[in-house]
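Chain residues, written in single-letter form:
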Amino acid sequence: MNVVTTTVIASLVAIIIIATIFIVKNLATPKKLGTVQKFIKEGKFQAAEKAAKALLSKNPRDFLTHYWLGKVYLEQKKTDLAFQEFKTVNENAVFNGDIPEVSFRHTMAQLYQKFNDNTNALKEYLLLVKREPDNADNYYNAGKCAEKENQMSNAFVMYQKAIALDKRHAKAHSALGTILLRNEQYEEALAQIRLAIKLEPEDFSNYYYLGKILKEQKNYSAAIKEFERSERNPEFRQRALIEEGACYMEVDQTANAQENFLRAVQNSKDDSSQETLYARYFLANCYEKTHNIEKAVEQWSKIFQHNKRFRDVAEKLEQYHDIQSNDS
């Protein structure tokens with residue numbers, strides 16, 4: 001056997017050894033990843049996390065394992081860690097069937113929204129629109145993200161597309177109605193909000209917007225009834241009470257207005273919020289109107305503690321400080 005033949009044989013043996021190692025390694029990896037998946041099915045999330053991290057310590061660019069580690073974190077309610085893993089997958093992985101792209105993008109969009117990244121959430125929903133063109137929720141969610149990014153015309157189009165796909169999509173009708181309300185297109189807004197209420201009467205936020213429209217149309221008694229209904233939604237209760245008070249002020253029922261503004265203050269969850277400051281401001285106006293200056297000053301002082309430039313509060317305090325000094 002000559003030197004050339006020996007060299008060729010040695011090279012072939014080396015190639016075979018390398019190929020064998022590669023094949024064994026690739027065959028072994030799914031089994032190890034399978035262990036992670038098995039632990040998840042059994043609810044052994046700490047064990048699954050440990051196994052996934054062990055795999056990633058050997059191969060940090062194993063994006064399929066990053067995906068499953070993200071799933072483990074979601075099961076453990078470790079949302080911030082899941083978000084990091086899923087972002088790694090989103091930025092690097094090739095969706096070739098191992099990772100279910102549609103469900104992944106739904107989760108990714110929800111995580112972006114949770115962490116107030118509406119720009120990237122919108123991108124995910126626009127990708128989902130292409131993957132699931134018949135899913136009205138994708139258009140609606142894209143519209144919500146666009147609205148939060150102040151892309152109102154884009155949001156308007158998305159809500160219209162959601163309704164075109166599903167005429168009974170109450171949330172899309174409601175969202176479209178609120179945009180029309182902001183644009184002072186009251187009749188069109190009224191039609192959308194009434195339809196949303198008809199489709200989903202238990203969504204009490206819609207009664208708040210209906211009240212806003214009726215108030216703009218100066219139908220104060222009807223507006224008050226709708227605001228009262230919307231109080232059943234805790235998120236809208238304080239705003240509804242302020243709007244009820246404003247309606248009573250418009251018809252010179254100061255006592256009723258005062259009662260609503262006082263309740264709005266009592267329902268405050270944040271003394272520095274704009275809603276609470278306005279509730280106190282209007283309550284002070286009622287006290288001033290009925291010559292209860294001491295209580296009015298008390299409200300203006302509390303507003304001043306949180307916002308020294310709120311409307312004419314500083315001037316009011318100065319004005320009544322002079323009066324009180326003169327009285328003394």
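Below is a summary of the structure that appears in this document. (Residues numbered from 1 in each chain as written. Predicted model: local features only at pLDDT ≥ 70, side-chain atom pairs only at ≥ 80, totals over all residues. Heavy atoms only, no water.)

1. Quick word on the overall build of the chain
For step 1, the next point in the chain: Helix and strand content of the chain: 17 helices and zero strands.
For step 2, the next point in the chain: In the chain, buried positions account for 41% of the 328 residues.
For step 3, the next point in the chain: Contacts in the chain between residues far apart in sequence, at least 24 positions, make up 43% of those at least 6 positions apart.
For step 4, the next point in the chain: When the accessible surface of the chain is summed, it comes to about 18,900 Å², and 51% of that surface belongs to carbon and sulfur atoms. (Helix = DSSP H or I, 4+ residues; strand = E, 2+ residues; numbered from the N terminus. Buried < 20%, exposed > 50% of the residue type's maximum accessible area, 1.4 Å probe, protein only. Contact = heavy atoms within 4.5 Å. Areas by Shrake-Rupley, 256 points an atom, 1.4 Å probe, with all protein chains shown as cover.)

2. Side note on helix 4 (residues 79-92)
For step 1, the next point in the chain: Here helix 4 is 14 residues long and its end C-alpha atoms lie 20 Å apart, about the 20 Å a rise of 1.5 Å per residue gives.
For step 2, the next point in the chain: Those residues of helix 4 not exposed but buried are Thr79, Ala82, Phe83, Glu85, Phe86, Val89 and Asn90.
For step 3, the next point in the chain: Where helix 4 is buried, its residues meet helix 2 (45-58), helix 3 (63-75), helix 5 (101-114) and helix 6 (118-131). (Expected span 1.5 Å × (residues − 1).)

3. Focus: the packing of aromatic side chains
For step 1, the next point in the chain: According to the stated counting rule, one finds 19 aromatic pairs in the structure shown.
For step 2, the next point in the chain: When the centroid spacing of 5.3 Å and the interplanar angle of 50° are considered together, the rings of tyrosine 208 and phenylalanine 236 count as tilted. Remark: phenylalanine 236 occurs in helix 13 (residues 234-250) and tyrosine 208 occurs in helix 11 (residues 205-216); sequence separation between them is 28 residues. Phenylalanine 236 carries the same exposure label as tyrosine 208, and that label is buried.
For step 3, the next point in the chain: An aromatic cluster of at least three residues, connected via ring pairs, comprises Tyr67, Trp68, Phe86, Phe95 and Phe104.
For step 4, the next point in the chain: Over the ring of tyrosine 208 we find arginine 239; its NZ or CZ atom is 5.6 Å from the centre of that ring.
For step 5, the next point in the chain: Above the ring of phenylalanine 236, the side-chain terminus of arginine 239 is found at 4.3 Å from the ring centroid. (Phe/Tyr/Trp six-rings, centres within 6.5 Å; stacked < 30°, edge-to-face > 60°. Lys NZ or Arg CZ within 6 Å of the ring centre and 35° of its normal.)

4. Looking at the pattern of salt bridges
For step 1, the next point in the chain: Evaluation of the coordinates by the stated rule reveals 16 salt bridges.
For step 2, the next point in the chain: Two residues, arginine 229 and glutamate 226, come together in a salt bridge whose shortest N-O distance is 2.9 Å. Separated by three residues within a single helix, arginine 229 and glutamate 226 lie in helix 12 (residues 220-230), roughly one turn from each other.
For step 3, the next point in the chain: Between lysine 289 and aspartate 252 there is a salt bridge, and its shortest N-O distance comes to 3.7 Å. With a gap of 37 residues between them, lysine 289 in helix 15 (residues 274-289) and aspartate 252 in the loop between helix 13 and helix 14 (254-266) connect regions that are remote in the sequence.
For step 4, the next point in the chain: Overall, the relative accessible area of 58% leaves aspartate 252 in the exposed class.
For step 5, the next point in the chain: Each of Glu101, Arg105, Glu124 and Arg131 takes part in salt bridges that share partners, so that together they form one network. (Salt bridge = Lys/Arg side-chain N within 4 Å of Asp/Glu carboxyl O.)

5. Overview of the side chain of histidine 173
For step 1, the next point in the chain: In this structure, histidine 173 sits in helix 9 (residues 170-182).
For step 2, the next point in the chain: With a relative accessible area of 4%, histidine 173 lands in the buried category.

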